[in-house]
Amino acid sequence: VAGRCSGLSFSGRRAAEGEFSDEACVVCFPLPPVPSLARFLPTLHSGIFFMNNQKQQKPTLSGQRFKTRKRDEKERFDPTQFQDCIIQGLNETGNDLEAVAKFLDASGAKLDYRRYAETLFDILVAGGMLAPGGTLADDVIRTDVCVFSAQEDLETMQAFAQVWVHVTNNQTLLEKGFEEEVKKLFLFLKGFSESERNKLAMLTGILLANGILSASILNSLYNENLVKEGVSAAFAVKLFKSWINEKDINAVAGSLRKVNMDNRLMELFPANKQSVEHFTKYFTDAGLKELSEYVRNQQTIGARKELQKELQEMMSKGEPLKEISMYVKEEMKKNNISEQTVIGILWSSVMSCVEWNKKEELVTEQAIKHLKQYSPLLAAFTTQGQSELTLLLKIQEYCYDNIHFMKSFQKIVVLFYKAEVLSEEPILKWYKDAHLAKGKSVFLEQMKKFVEWLKNAEEGN
C-alpha cells in the first residue's frame, strides 16, 4: 500500500519495490494473504480515517457557531433603553428629591451607572440625553425632575447638589465620568438659556465647595468662543458666588492653587481685557470684591517674583545702578507695587548676589563694602518712614537667620544712617517698640550706644 497525506492510492508493485516519491508521506502495513485482504480493508480504512482526523482543521470562511457561557456574552450598549428606565423612575418621584435619591440608589444596584454615566448626568441636568451643542431633540422623552427645570435660586440648587453628592458617594466609580460630564456641559453653555446657565453655575460652585469636583474643570471655561462672547465671565460670577457662599475666599484660593489655576482667572476675558483693573471692576460690580482683591494680590505676587528675578540678573551682570533704579520704578508703576514691598525685594536681591564669607570676623567687613556700593539704590526707595522701618526689620531678620551676621547688625544700620538710607526717627521707633522678637536682646544691646547718641544729637538740635 502506498499512501500520501492528501489521499490514498494503491500500488502493489511500488509497495513491493519500495519506490516512493520524495514528497510522499508513506505508511506501510504488512499485507495479509489475498483471501484475507477483503477482511483487512475495513480495518485499513478505519486507521486511515483516524490519521486524517489528527491533522489540524483549516479555518473556514463560512463561519461556525460556538456555544459561549452566558457570563461571557457582552450586553448591547443601549443608552436609549437606560434613559427610558431612569426617566420613568424620576417622573414617578413627583419632584420629591428625597424620593429621587432613593430611586437612584435602588436603580444603581440594577443598572450600570458607570457605563451610562453620560446619559445619567444629562438626564439629571437637562431632563434627557443632550445632542451635540447642548440641545434636546424634540422627539426625545424627557423629565422635569432635573436642574434645568428647577427654580433658579441657591436653596433649590443646594438641594439638587445633595442628590448628586449622594449618588457619587454611593457610586464611587462615577467620579471621573461626572467630571467629564461637567467639562462637556461647559462647552455646551452657548446652547443653554441664561437661566439654565445660571442654575448650572450655582450647582457647580456648590459641588466644588463640597469637594465633589476639582477646580481643574475651570479649564473648560477658557474656550475661545465662550470667552469672546462673554459667556465664561458671566458664568464664573454665579459659580464663584455660590462657591464662596458655601466656604470662603481662602478655601476657594486653596482649591485653585492646588491645580495651578490661581494665576489664570484673568483668562476668563479676551486678551485685550486681561488686566487687573478690568477684572477687579467686573467682579467687584458683580458683588465679588473678595475675589477681585485675591486676583489683585496674586498678580502682585507674580510681579514681585518677576521683579526679584530680574533684579538678581541685572546685579549679577553689574548693570549700572541708575538703570536698575529706572527699571524698578517702571515696574512699581505698572504693577502697582508699594515702596515698602520694593525695599524688601531690593534688600533680598542685594544680599543674594554675592557669596558670603563663612568666618564671622570677615563677613562684616565684606558686607559693609558690598552694601556701601548699593546704598544709593536703596536710598532711592526709602523716601517714606514706613519704607525705612521695613528695611530695618528686613536687616534684623536677615542677621538673625544667618548666624554669621549676628554681630553685623549695628554696623549695617550705622552705614545706612551715614549713607542717608535710614534716618533718626525710624531707627528710634524700631528700638522702642517696632522691632521683631528674633534676636531682640542681642540687637537692642548692639544698638544701645548708637541710639543714645541719636537721642543726644536730637536734643542738642
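Residues numbered from 1 in each chain as written. Predicted model: local features only at pLDDT ≥ 70, side-chain atom pairs only at ≥ 80, totals over all residues. Heavy atoms only, no water.

Per an unreviewed UniProt entry, the protein chain is named W2 domain-containing protein, and its organism is Staurois parvus.

Draft legend 1. Main features of the overall build of the protein chain. Helices and strands together make up the secondary structure of the protein chain, namely 20 helices and two strands. Expressed as a percentage of the 461 residues in the protein chain, the buried residues total 41%. Taking as baseline every contact in the protein chain between residues at least 6 positions apart, the subset at least 24 positions apart corresponds to 66%. If you sum the accessible surface of the protein chain, you get close to 27000 Å²; carbon and sulfur atoms cover 50% of it. (Helix = DSSP H or I, 4+ residues; strand = E, 2+ residues; numbered from the N terminus. Buried < 20%, exposed > 50% of the residue type's maximum accessible area, 1.4 Å probe, protein only. Contact = heavy atoms within 4.5 Å. Areas by Shrake-Rupley, 256 points an atom, 1.4 Å probe, with all protein chains shown as cover.)

Draft legend 2. Structural view of the nonpolar core. If you look at the biggest cluster of nonpolar residues, it comprises 80 residues, and the most contacted ones within it are W164, F240, W243 and L256. Counting residues per element, this core draws most heavily on helix α10 (residues 231–246), which supplies nine residues. Excluding its chain neighbours within four sequence positions, the residues that come into contact with L256 are A215, L218, F240, W243, M261, D262, L265 and Y294. Counting residues in hydrophobic clusters, the runner-up holds 52 residues, among them I324, Y327, W347 and L371. (Core = buried A, V, L, I, M, F, W, Y, C linked by side-chain atoms within 4.5 Å.)

Draft legend 3. Expanded view of α10. Here α10 contains 16 residues, and its C-alpha end-to-end distance of 23 Å stays within 8% of the 22 Å for a straight helix at 1.5 Å per residue. Taken together, the buried positions of α10 are occupied by V231, S232, A233, F235, A236, V237, L239, F240, S242, W243 and I244. (Expected span 1.5 Å × (residues − 1).)

Draft legend 4. Examining the packing of helix α13 (residues 289–316) against helix α15 (residues 339–352) more closely. For the pair α13 and α15, the least separation of the axes is 9 Å and the interaxial angle reads 40°. Classified by the angle between their axes, α13 and α15 sit oblique to one another. For the element pair α13 and α15, the recorded crossing hand is right-handed. On the side of α13, the interface is formed by R304, L307, Q308, L311, Q312 and M315, while α15 contributes T341, V342, I345, L346, S348, S349, V350 and S352. (Axes fitted to C-alpha atoms, helices over the stretch in contact; angles between N-to-C directions. Parallel < 35°, antiparallel > 145°, perpendicular 65-115°, else oblique. Left-handed = near helix turned anticlockwise from the far one by under 90°.)

Draft legend 5. Focus on the pattern of salt bridges. Taken as a whole and judged by the stated rule, the model has 11 salt bridges. The salt bridge involving E267 is made with R264; its shortest N-O contact spans 2.8 Å. For E267, a relative accessible area of 30% gives the class partly exposed. Notably, a salt bridge pairs K334 with E331, separated by 3.4 Å at the nearest N-O pair. One end of the pair is K334 and the other is E331, both in helix α14 (residues 321–335) and three residues apart, which spans about a single turn. Classification of K334 as exposed rests on a relative accessible area of 61%. Look at the salt bridges and you will find they share partners, linking E118, D122, E181 and K184 into a network. (Salt bridge = Lys/Arg side-chain N within 4 Å of Asp/Glu carboxyl O.)

Draft legend 6. Highlighting helix α5 (residues 117–126). Counting buried residues in α5 gives nine out of 10 residues, a clear majority hidden from the surface. If you check which residues of α5 are buried, you get A117, T119, L120, F121, D122, I123, L124, V125 and A126.

Draft legend 7. Just the environment of E355, in detail. As for its placement among the helices and strands, E355 is situated in the loop between α15 and α16 (360–379). Once the C-alpha coordinates of E355 and Q366 are considered, the two residues, 11 residues apart in sequence, prove to be 9.9 Å apart.

Draft legend 8. Structural context of the environment of H278. Summarising the element assignment, H278 is placed in helix α12 (residues 276–285). H278 sits in the partly exposed class, given a relative accessible area of 26%. Residues H278 and M266, spaced 12 residues apart in sequence, show a C-alpha to C-alpha distance of 9.0 Å. Residues in contact with H278, not counting those within four places in the same chain, are F269 and K273.

Draft legend 9. Expanded view of unusual backbone geometry. The phi dihedral of N260 is positive, around 60°, even though this residue is not glycine. Considering the arrangement of structural elements, one finds N260 in the loop between α11 (249–258) and α12. Look at E420: it is not a glycine, yet its phi comes out positive at around 60°. Within the secondary structure, E420 is located in the loop between α18 (409–418) and α19 (424–434). Classification of E420 as exposed rests on a relative accessible area of 67%.

Draft legend 10. How the structure looks around the packing of α10 against α11. Taken N-terminus to C-terminus, the directions of α10 and α11 make an angle of 115°; their axes are 8 Å apart at the nearest point. Contacts between α10 and α11 involve F240, W243 and I244 on the former and, on the latter, I249, V252, S255 and L256. A breakdown of the residues in the contact of α10 with α11 according to their chemical character gives six nonpolar, one polar and no charged. (Nonpolar A, V, L, I, M, F, W, Y, C, P; charged D, E, K, R; others polar.)

Draft legend 11. Just the environment of V147, in detail. Relative to the helices and strands, V147 resides in the loop between α5 and α6 (154–170). Remark: the alpha-carbon pair of V147 and A126, spanning 21 residues in sequence, is separated by 6.4 Å. Those residues in contact with V147, other than ones at most four positions away along the chain, are L124, V125, M157, F160, W164, K199 and L203.

Draft legend 12. Layout of the side chain of Q83. Within the secondary structure, Q83 is located in helix α3 (residues 79–91). By relative accessible area, which is 3% here, Q83 ends up buried. Ignoring sequence-local partners within four residues, the contact set of Q83 consists of T119, I123, G128, M129, V140 and I141.

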